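Analysis of the macromolecular model
Residue strings, one per chain:
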Amino acid sequence: MKKHLFIMALSLGLLSSCNTKTHYNSYDEYPVYEGDDLELVYTPQSSSFRVWAPTADEVRILLYDNGYEGGAYKTVEMSRSSEGTWKKEINEDLKGKFYTFQIRIGESWLDETPGIWVKAVGLNGKRAAIIDMSETNPEGWEMDERPALKNYTDIMIYEVHVRDFSVSPNSGMKNKGKFLAFTEYGTKNSSGQATGIDHLKELGVTHVHLLPSFDFASIDESSPQDKKYNWGYDPLNFNVPEGSYSTNPADPVCRIREFKQMVQSLHKAGIRVIMDVVYNHTFIGPKSHLDLLAPGYFYRHNADSTFSNASGCSNETASERGMMRKFMVESVVYWATEYHVDGFRFDLMGIHDIETMNEIRAALDKIDPTIFMYGEGWTAGPSPLAEEKRALKKNAKQLDRIAVFSDDIRDALKGSWMHSEIPGFVSGTDSLEESVKFGIVGGVQFDSIDYTKLIYSKEPYVNQPSQTINYVSCHDDMCLVDKLRESKPSGTTDDELIRFNKLAQTIVFTSQGVPFMYAGEELYRNKKGVHNTYQSPDSINQIDWDNKNTYNDVYEYYKGLIALRKAHPAFRIPTYDFIQSNLEFLKTNSPNLIAYVLKNHVNGEMWKEILVVFNGNRHTASVTVPDGTWTVVCHDGKIDPKGIMNVTGGSFAVAASSATIMFQE
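Residues numbered from 1 in each chain as written. Predicted model: local features only at pLDDT ≥ 70, side-chain atom pairs only at ≥ 80, totals over all residues. Heavy atoms only, no water.

So, on to the overall build of the protein. A tally of helices and strands in the protein yields 14 helices and 26 strands. Compactness check: the protein gives a C-alpha radius of gyration of 26 Å against a globular reference of 26 Å for 665 residues, within 12% of the reference. Across the 665 residues that make up the protein, the buried fraction comes to 63%. Long-range pairs, those at least 24 residues apart, make up 71% of the contacts in the protein between residues at least 6 apart in sequence. When the accessible surface of the protein is totalled, it reaches about 23900 Å², and 49% of it is carbon and sulfur. When the 68 basic and 88 acidic side-chain charges of the protein are each reduced to a single mean position, those positions are 1 Å apart. (Helix = DSSP H or I, 4+ residues; strand = E, 2+ residues; numbered from the N terminus. Rg over C-alpha atoms; globule rule 2.2 N^0.38 Å. Buried < 20%, exposed > 50% of the residue type's maximum accessible area, 1.4 Å probe, protein only. Contact = heavy atoms within 4.5 Å. Areas by Shrake-Rupley, 256 points an atom, 1.4 Å probe, with all protein chains shown as cover. Lys, Arg positive; Asp, Glu negative; His and termini not counted. Charge placed at Lys NZ, Arg CZ, Asp CG, Glu CD.)

Set out below in structure tokens:
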């Protein structure tokens, strides 16, 4: 306890003997610096450094020739400036040099840090790099444009890990595990089928969601031969691309340029780029880059002054504090402007406060309102910040055009994430219909849904369907193939498992809201039953591109499903009131059977009416089709937009564990 009190006293500036230093009674009294010149402003004539360290007695800059090894060739004292900052201008050309900051509190010099707002680093992110950012732009970068986007509900997300995408021996890509793999065209698997970015274009997704690609701590960038793996949810430097994904992590310019080349390439392919951002915690609490300039300030604490832990990673950041909020807003804006990133997925968004999230939304709107924001509306543990202030799923109505993941539809479809043996709707479990219907309408208020029967939520939690991310699996927990195998009912065949799989994704991609899929599931990807593969080897995590041949029927179905959604705006209704007035659930005579109609050419739809039926039973079930002639475009695991058959009103048999979709002109 004495140690914790000592650290707290240091962070509040209570132990200083310096007469010019301001003393603070709480973190709330710390000043907020309003300027836009934190860290470094470089020109060939001078480098201007400014760092926020309000409780420091002394701050110095250490200059290095090398980004990783060797001692400092020069140490420069900084001067106290306004609003808790320290400043120093060095009138020489420092391009190519490296630096760190170091602060003294009382008699103690803390460890060196490259700073918080750092934009370029050397190997393993230990030292900041002084570069000319204009030299990081690939040819034609000034002409790069975001692909067109009308409504958020037009988005279809493909979540992928940079290394998983290309590292397989059969990927056909040269830059395995690197940003540049996304720039390679004409790559093929062992059967000559398209892989990589050609595959993404062929599949038809609109957005690629990259698992964390900022500079994270768990991979030693100096030892690529070790082939170490991590998802990247261990932040080190938030505003710098991860070095292990570049071809030369020791070169600060290389990782930046190659990240931009990746974005540029995806944009040329008509695909937007989403970054997975992890502002809710740092790799370590004490001695993190945040903590070494303002000890304690950037984190929440328990009553005994220990770090609180809503992240499950031994610390959680305090987004409600002025400088943490400023940092988050400016960091997201930086990625959207410097790197042309088109969207942001917030890890454990439920840790962040609502006001900060809405300020980020407002800042992005000034750049481009079509930049998409979404996140996990939950935490990994309790937080000292009151629930009503946090960006939790149940508070999503207070979030301005920020979406949350729907665990309701996820677990209703495939079964409990926590209990791998428990199956869901698509595997034949009944009593989950209301949760599935809640997913179908995008989580909005809908009069005919019985909210007492939902598995998680007990009321609608979003204002518009664009605030709901519909999905059945992601990088976390078991992938879809593994989960369906683990929870399969007795006697389930391999062919049935594929039927379960197709049905699950059909519901996701025809539901209102924003559909999201995990990379490789269109190739029937498995991860050998491993639940959380954040440190598993490539043999577990890599996308096996030869599966495109082995499971070509699955791939063609997924591709057809995405094309169907893209071609028909009735599945992409942007507003709550349009759903309420143009979607009608039909009565069915069987459990585990859901049928509904999309009416009146809704949302500019070319088809007057669309009938959608989901049969979660492992046997054929009959549904009554309304009067008239209907053209079936999806049936029994096949999709053909030109029509599979025509049917008239009356009883219609829907195949086991499958979807049927038909329309009237």
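The discussion continues.
Let's shift gears to the side chain of aspartate 411. The topology assignment puts aspartate 411 in helix 7 (residues 407-414). Taking relative accessible area as the criterion, aspartate 411 reaches 4% and is therefore assigned buried. Looking at aspartate 411, its side chain comes within polar contact range of the side chain of arginine 410, at 2.6 Å. In contact with aspartate 411, other than residues within four places in its own chain, are Ser416, Trp417, Ile455 and Tyr456. (Polar contact = N/O pair within 3.5 Å; in protein donor to acceptor, adjacent residues only side chain to side chain.)

Although it is not a glycine, lysine 528 sits at a positive phi angle of roughly 55°. Summarising the element assignment, lysine 528 is placed in the loop between strand 19 (514-518) and helix 11 (538-541). Phi at asparagine 592 is positive, roughly 60°, even though this residue is not glycine. With respect to the secondary-structure elements, asparagine 592 resides in the loop between strand 20 (583-586) and strand 21 (593-598). Asparagine 592 sits in the buried class, given a relative accessible area of 0%.

Read once around its circumference, the closed barrel built from eight strands follows the order 10-11-14-15-16-17-18-19, with strand pairing classed as parallel. Sheet twist, expressed as the average angle between the axes of neighbouring strands with direction ignored, equals 30°. Note: strand 10 (residues 157-160) against strand 19, three bridges, orientation parallel. Looking across to strand 19, one finds that glutamate 159 is bridged to tyrosine 518. On top of the sheet, helix 10 (residues 494-510) reaches strand 18 (468-470) and strand 19; it is set at about 145° to strand 19, its chief contact. (Pairing = 2+ DSSP bridges. Axes fitted to C-alpha atoms, helices over the stretch in contact; angles between N-to-C directions.)

Turning next to the packing of aromatic side chains. Counted under the stated rule, the structure contains 43 aromatic pairs. Three or more aromatic residues joined by ring pairs make a cluster, and in this case those are Phe179, Phe216, Tyr245, Phe259, Tyr334, Trp335 and Tyr339. The ring of tyrosine 339 is capped by lysine 260, whose NZ or CZ atom sits 5.6 Å from the centre of that ring. Of note, lysine 437 hangs over the ring of phenylalanine 585, and the distance from its end group to the ring centre comes to 4.9 Å. (Phe/Tyr/Trp six-rings, centres within 6.5 Å; stacked < 30°, edge-to-face > 60°. Lys NZ or Arg CZ within 6 Å of the ring centre and 35° of its normal.)

This brings us to the nonpolar core. With 169 residues, the main nonpolar core has Tyr279, Phe298, Phe344, Phe346 and Phe425 as its most contacted residues. Residue contributions to this core peak at nine residues, all from helix 5 (residues 322-338). When sequence neighbours within four positions are dropped, the list of residues in contact with phenylalanine 344 reads Ile274, Met275, Val277, Val332, Trp335, Ala336, Leu364, Ile371, Phe372, Met373 and Tyr374. (Core = buried A, V, L, I, M, F, W, Y, C linked by side-chain atoms within 4.5 Å.)

This part covers the pairing of strand 2 (residues 47-52). Here strand 2 lies mainly inside the structure; six of its six residues are buried. The two faces of strand 2 match: Ser47, Phe49 and Val51 on one face and Ser48, Arg50 and Trp52 on the other face are all buried. Alignment of strand 1 (residues 39-42) against strand 2, held across four bridges, turns out to be antiparallel. Each residue of the ladder has a partner; that of tyrosine 42, found in strand 2, is serine 47. Linking strand 1 back to strand 2 in an antiparallel pair, the connection comprises four residues.

Let us look at the packing of helix 5 against helix 6 (residues 354-367). Taken N-terminus to C-terminus, the directions of helix 5 and helix 6 make an angle of 30°; their axes are 9 Å apart at the nearest point. As judged from the angle between their axes, helix 5 and helix 6 are roughly parallel. The handedness of the crossing between helix 5 and helix 6 comes out as right-handed. Residues Arg325, Met328, Val329, Val332, Val333, Ala336 and Thr337 of helix 5 form the contact with helix 6, whose own contacting residues are Glu355, Thr356, Glu359, Ile360, Ala363, Leu364 and Ile367. Here the residues of the contact of helix 5 with helix 6 are counted per class, giving nine nonpolar, two polar and three charged. (Parallel < 35°, antiparallel > 145°, perpendicular 65-115°, else oblique. Left-handed = near helix turned anticlockwise from the far one by under 90°. Nonpolar A, V, L, I, M, F, W, Y, C, P; charged D, E, K, R; others polar.)

Moving on, we come to the side chain of serine 416. Looking at the secondary structure, you find serine 416 in the loop between helix 7 and helix 8 (433-440). Serine 416 gets classed as buried once you look at its relative accessible area, which sits at 15%. Setting aside chain neighbours within four positions, we find serine 416 in contact with Asp411, Ile422 and Lys483.

Here we come to helix 10. Residues separated by three or four positions in an α-helix point in the same direction, a consequence of the helix having 3.6 residues per turn. With 17 residues, helix 10 should cover 24 Å at 1.5 Å per step; its first-to-last C-alpha distance of 25 Å lies within 8% of that length. Among the 17 residues that make up helix 10, 14 are buried, leaving the element largely enclosed by the rest of the structure. (Expected span 1.5 Å × (residues − 1).)

Turning to the sheet that holds strand 1, a few remarks are in order. An order of 1-2-6-5 is seen for the four strands of this open sheet, with the pairing classed as antiparallel. The open sheet is flanked by strand 1 and strand 5 (79-80), the only strands paired with a single partner. Of the strand pairs in this sheet, strand 5 and strand 6 (residues 85-90) are connected by two bridges, and their pairing is antiparallel. Note that in strand 6 the partner of arginine 80 across the bridge is tryptophan 86.

In terms of burial, helix 3 (residues 196-203) is a largely internal element, six of the eight residues being buried. Considered for burial, the residues of helix 3 that qualify are Gly196, Ile197, Asp198, His199, Leu200 and Leu203. At its buried positions, helix 3 is contacted by strand 10, helix 2 (162-166), strand 11 (207-210), helix 4 (252-268), helix 12 (547-550) and helix 13 (552-567). Looking at the residues trailing helix 3, positive phi occurs at glycine 204, about 100°.

The next thing to look at is the state of the cysteines. Within this structure, the stated rule accounts for zero disulfides. Cysteine 479 provides the cysteine sulfur closest to cysteine 474, a residue in no disulfide bond, and the two sulfurs are 11 Å apart. (Disulfide = S-S within 2.5 Å.)

Relative to the elements of secondary structure, phenylalanine 182 occurs in the loop between helix 2 and helix 3. With a relative accessible area of 0%, phenylalanine 182 lands in the buried category. Along the primary structure phenylalanine 182 and phenylalanine 214 are separated by 32 residues, whereas in three dimensions their C-alpha atoms are 16 Å apart. With residues near it in sequence (within four places) discarded, phenylalanine 182 still touches Val160, Val162, Phe165, Ile197, Leu210, Met262, Ser265 and Leu266.

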